[in-house]
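The chain contents come next:
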Amino acid sequence: MKFGGTSVGDPDRIERVARHVAAAKAQGFKVCVTVSAMAGETNRLVELTERLGGGDVSRDPDYDAVVASGEQVTAGLLALHLRHKGHAARSFQGWQAGLRTDEAHGAARIAHLPQDHLMASMERGEIAVVAGFQGATKDGRISTLGRGGSDTTAVALAAALGAARCDIYTDVDGVYTTDPRMVPNAKRKPMLAYEEMLEMASVGAKVLQTRSVGLAMTYGVPVRVLSSLGEPEETGDGTLITSEEAMMEHEVVTAVVPSRGEAKISLLGVPDTPGRSAMIFRLLADAGVNVDMIVQSAARQNTQANMSFTLSEKDLHRAQEKLTLMKDAIGFDNIDFNQNVAKVSVIGIGMKSHAGVAAKMFEILAERSINIENISTSEIKISVLIEADYTELAVRALHEGFGLSGTPG
């Protein structure tokens, strides 16, 4: 069971989490719980590190030592309260649970899945409460897994312990066909394939961290998304994320996912020579900038090309700075930036065997006079970059057009 920051946001909510945990224990399960920091706590700790560390120190080992403390507080509080209510429980920090990571502080990856200490605790009848988001390097330094890393901790523990299921409790009662704030008649999906949830997470759905879904798919861990904001008897069925083979049927389009907070960079007059793209994207990768949708087109001069790509808005300043410094080495003429953009994606496992989805998507947008700037695709996803002002119109139109509102277009 994993409980996010909103679920443990104050003492009353931690008490309710304890009731959820106790209810699972009463059903006969051996229970391992992963917790996040209380809502807003990690942001507060990050601000402290930046103020006293002189800026972005997210790759410093002592950054991890500070920001990991939020989860340790929550784990201790939940274990204390469970014991107060008569349940055997013990808290574990990441290193105590045996979760070993590489040395990429601030964005560490799991190198070893723990088992022994937690299993021994659970075999004694204890509820094991683990601080999420954190582990330890081989030399014993605290490390963190990146924002949303508690999801990854939970799935890793479920895989290591051979859990029947990993329940992710959050502030929504499942995964919806789109953002209900944009489309009030969006529907909760009872079941999704790992691949669908992976694509949804990668293009901006905030329900689960992308790495956690990939880990669940690799180890075959069924994941259920549930709400913790009611009492245990009010939880409902949530959304089960499982293998494609376990699903009875595959819809062509499962969800429409909007992603704001995008930016677009255009490099004009790039020399059209081998290795130029490699130089540009190696520079950005070394700066920790993730690039998404890439389009290259011919420029007016035959020896030049224009290149545009998207990235997170928070990375824009860093990318602009790096590219401007390397302008002469790269050889481009001009650089343009656009922050008034958004990405909208349609996703569905049924797209593997169904033609015409792209054509229908583009027709729906054209009917609303929504211009497409960039396009990227995968086997089960089509993403388009559009002007940000048209985001809600696009989402509503696509949601209705693909029949997700119950009114096929």
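Residues numbered from 1 in each chain as written. Predicted model: local features only at pLDDT ≥ 70, side-chain atom pairs only at ≥ 80, totals over all residues. Heavy atoms only, no water.

Peer 1: I'm lost on the overall build of the chain in this one. Help?
Peer 2: What the chain contains, in helices and strands, is 14 helices and 20 strands. A compact globule built from 409 residues should have a C-alpha radius of gyration of about 22 Å, and the chain, at 23 Å, falls within 12% of that. The principal-axis extent of the C-alpha atoms belonging to the chain is close to 75 × 55 × 35 Å. The buried share among the 409 residues of the chain stands at 49%. Residue pairs in contact within the chain that sit at least 24 positions apart in sequence constitute 74% of those at least 6 positions apart. (Helix = DSSP H or I, 4+ residues; strand = E, 2+ residues; numbered from the N terminus. Rg over C-alpha atoms; globule rule 2.2 N^0.38 Å. Buried < 20%, exposed > 50% of the residue type's maximum accessible area, 1.4 Å probe, protein only. Contact = heavy atoms within 4.5 Å.)

Peer 1: Just to check I follow, could you spell out the pairing of strand β20 (residues 381–387) for this structure?
Peer 2: Sheet faces and side chains relate simply in a regular strand, where the side chains alternate between the two faces. For β20, a buried count of six out of seven residues is recorded, marking the element as mostly surrounded by other parts of the structure. Note that strand β18 (residues 334–347) and β20 share seven bridges and pair antiparallel. Looking across to β20, one finds that A342 is bridged to I386. In this sheet, β20 lies alongside strand β19 (residues 374–378) in antiparallel orientation, the contact comprising five bridges. Note that in β20 the partner of T377 across the bridge is I382. Counting the residues in the hairpin turn of β19 and β20 gives two residues. (Pairing = 2+ DSSP bridges.)

Peer 1: I would appreciate a short explanation of the pattern of salt bridges in the present structure.
Peer 2: If the charged atoms of two oppositely charged side chains come close together, the side chains can form a pair. Tallied over the full model, the rule gives 19 salt bridges. Its salt-bridge partner being R181, residue D179 comes within 3.0 Å of it at the nearest N-O pair. On the basis of relative accessible area, D179 is assigned to the buried category, the value being 19%. Overall, the relative accessible area of 75% leaves R181 in the exposed class. Because the salt bridges share partners, they merge into one network encompassing R165, D167 and R224. (Salt bridge = Lys/Arg side-chain N within 4 Å of Asp/Glu carboxyl O.)

Peer 1: I'm lost on the packing of aromatic side chains in this one. Help?
Peer 2: The geometry of an aromatic ring pair is captured by the separation of the ring centres together with the interplanar angle, meaning the angle of the planes. Within the structure shown, the criterion is met by two aromatic pairs. Between the aromatic rings of F3 and Y169, the centroid separation amounts to 4.6 Å while the plane-to-plane angle is 20 degrees, which identifies the pairing as stacked. Note that F3 is positioned in strand β1 (residues 2–3) and Y169 in strand β9 (residues 166–170), a separation of 166 residues in sequence. Residue classification places F3 among the buried positions, given a relative accessible area of 0%. Measuring from centroid to centroid gives 5.4 Å for F281 and F309, while their planes differ by 70 degrees, and the two rings are edge-to-face. (Phe/Tyr/Trp six-rings, centres within 6.5 Å; stacked < 30°, edge-to-face > 60°.)

Peer 1: Teacher, can you tell me more about a nonpolar patch on the surface here?
Peer 2: A cluster of nonpolar side chains, contributed by V73, L77 and L80, occupies part of the molecular surface with about 250 Å² of accessible area. Structurally, L77 is set in helix α4 (residues 69–84). (Patch = residues over 30% accessible without salt bridge, like charges linked within 9 Å, V, L, I, M, F, W, Y side chains within 5 Å. Areas by Shrake-Rupley, 256 points an atom, 1.4 Å probe, with all protein chains shown as cover.)

Peer 1: What is the right way to look at the layout of surface pockets in this model?
Peer 2: Unfilled space is identified by rolling a water-sized probe across the atoms. The space that makes up the second largest pocket amounts to roughly 610 Å³. Residue lining of the second largest pocket: 29 residues in total, with M1, A24, F29, R165 and D167 positioned closest to the centre. Take the lining of the second largest pocket: its biggest share by element is four residues, from helix α7 (residues 149–161). A class-by-class count of the residues in the lining of the second largest pocket yields 19 nonpolar, six polar and four charged. (1 Å grid on protein atoms, 1.4 Å probe; cavity = no way out; pocket = protein on both sides within 12 Å on 5 of 7 lines; lining within 4 Å. Points joined across faces, edges and corners; volume = space filled by probe spheres on them. Nonpolar A, V, L, I, M, F, W, Y, C, P; charged D, E, K, R; others polar.)

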